[in-house]
Amino acid sequence: MANVGIAVSMHTRMAELCKIWQRLGHRLAFGVGISLGYATVGVVGYEGRYDYTAAGTSVNLAARLCDQAEDGEILLSPRASIAVENDFITTSAGELTLKGMREPVEVFKLSGRVKN
């Protein structure tokens, strides 16, 4: 799944940027949440004020995982974890009760790449 590879690249670059900003007296943090599923995408709004957006359970879950991710963490939904299991190592972080989700969701942390 390309999204996880992009998240890893973003994490690496953000670590470099955080060091620069820290020298300037600023503290940045960067956590990522990734979910896999269906979403409705399109233009929302009215003439003169509109935007392109995505909506749906998978979008909401990704946003909630992002909220929960600590600095440097990449959290995945169960479906996202299964989708990348041949390329990345994930470990269960337990179940979380997340706003907008009917049931607790098992969350997975990205731990690294599978060695080929």
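That block above? That's the structure.
Residues numbered from 1 in each chain as written. Predicted model: local features only at pLDDT ≥ 70, side-chain atom pairs only at ≥ 80, totals over all residues. Heavy atoms only, no water.

> Can you walk me through the sheet that holds strand β4 (residues 74-76) in this structure?
The strands making up a sheet associate through hydrogen bonds between their backbones, and the pairing can be parallel or antiparallel. Strand order across the open sheet formed by four strands is β1-β4-β6-β5, with mixed pairing between neighbours. The two strands at the open ends of the sheet, each matched to only one other strand, are β1 (32-34) and β5 (88-96). Within the sheet, the average angular offset between the axes of one strand and its neighbour, ignoring direction, is 30°. Here helix α2 (residues 57-68) sits on the sheet and contacts β1, β4, β5 and β6 (105-113); the angle it forms with β1, its principal contact strand, is near 150°. (Pairing = 2+ DSSP bridges. Helix = DSSP H or I, 4+ residues; strand = E, 2+ residues; numbered from the N terminus. Axes fitted to C-alpha atoms, helices over the stretch in contact; angles between N-to-C directions. Contact = heavy atoms within 4.5 Å.)

> Please explain the nonpolar core as it appears in this structure.
Counting 14 residues, the largest nonpolar core has Val 4, Val 32, Ile 34, Ile 74, Leu 76 and Leu 110 as its most contacted members. Sorting the residues of this core by element identifies α1 (2-23), β1, β4 and β6 as the ones contributing at least two each. With four residues, the single largest contributor to this core is α1. Counting residues in each nonpolar core, the second largest holds eight residues, with Leu 61, Leu 65, Leu 75 and Leu 98 among its members. (Core = buried A, V, L, I, M, F, W, Y, C linked by side-chain atoms within 4.5 Å. Buried < 20%, exposed > 50% of the residue type's maximum accessible area, 1.4 Å probe, protein only.)

> Mind showing me how you'd approach the pattern of salt bridges here?
Oppositely charged side chains can form a pair if their charged atoms are brought close together. Enumeration according to the criterion identifies three salt bridges in this entry. Across the pair Glu 16 and Arg 13 runs a salt bridge, and its minimum N-O distance is 3.0 Å. Residue Glu 16 and its partner Arg 13 are both found in helix α1; the two are separated by three residues, about one turn of the helix. In this structure Arg 13 comes out as partly exposed when scored by relative accessible area, which is 46%. The shortest N-O distance in the salt bridge between Asp 67 and Arg 64 comes to 3.8 Å. Here the residue Asp 67 and the residue Arg 64 both occupy positions in helix α2, the gap between them amounting to three residues, near one helical turn. You can call Asp 67 exposed: its relative accessible area is 55%. (Salt bridge = Lys/Arg side-chain N within 4 Å of Asp/Glu carboxyl O.)

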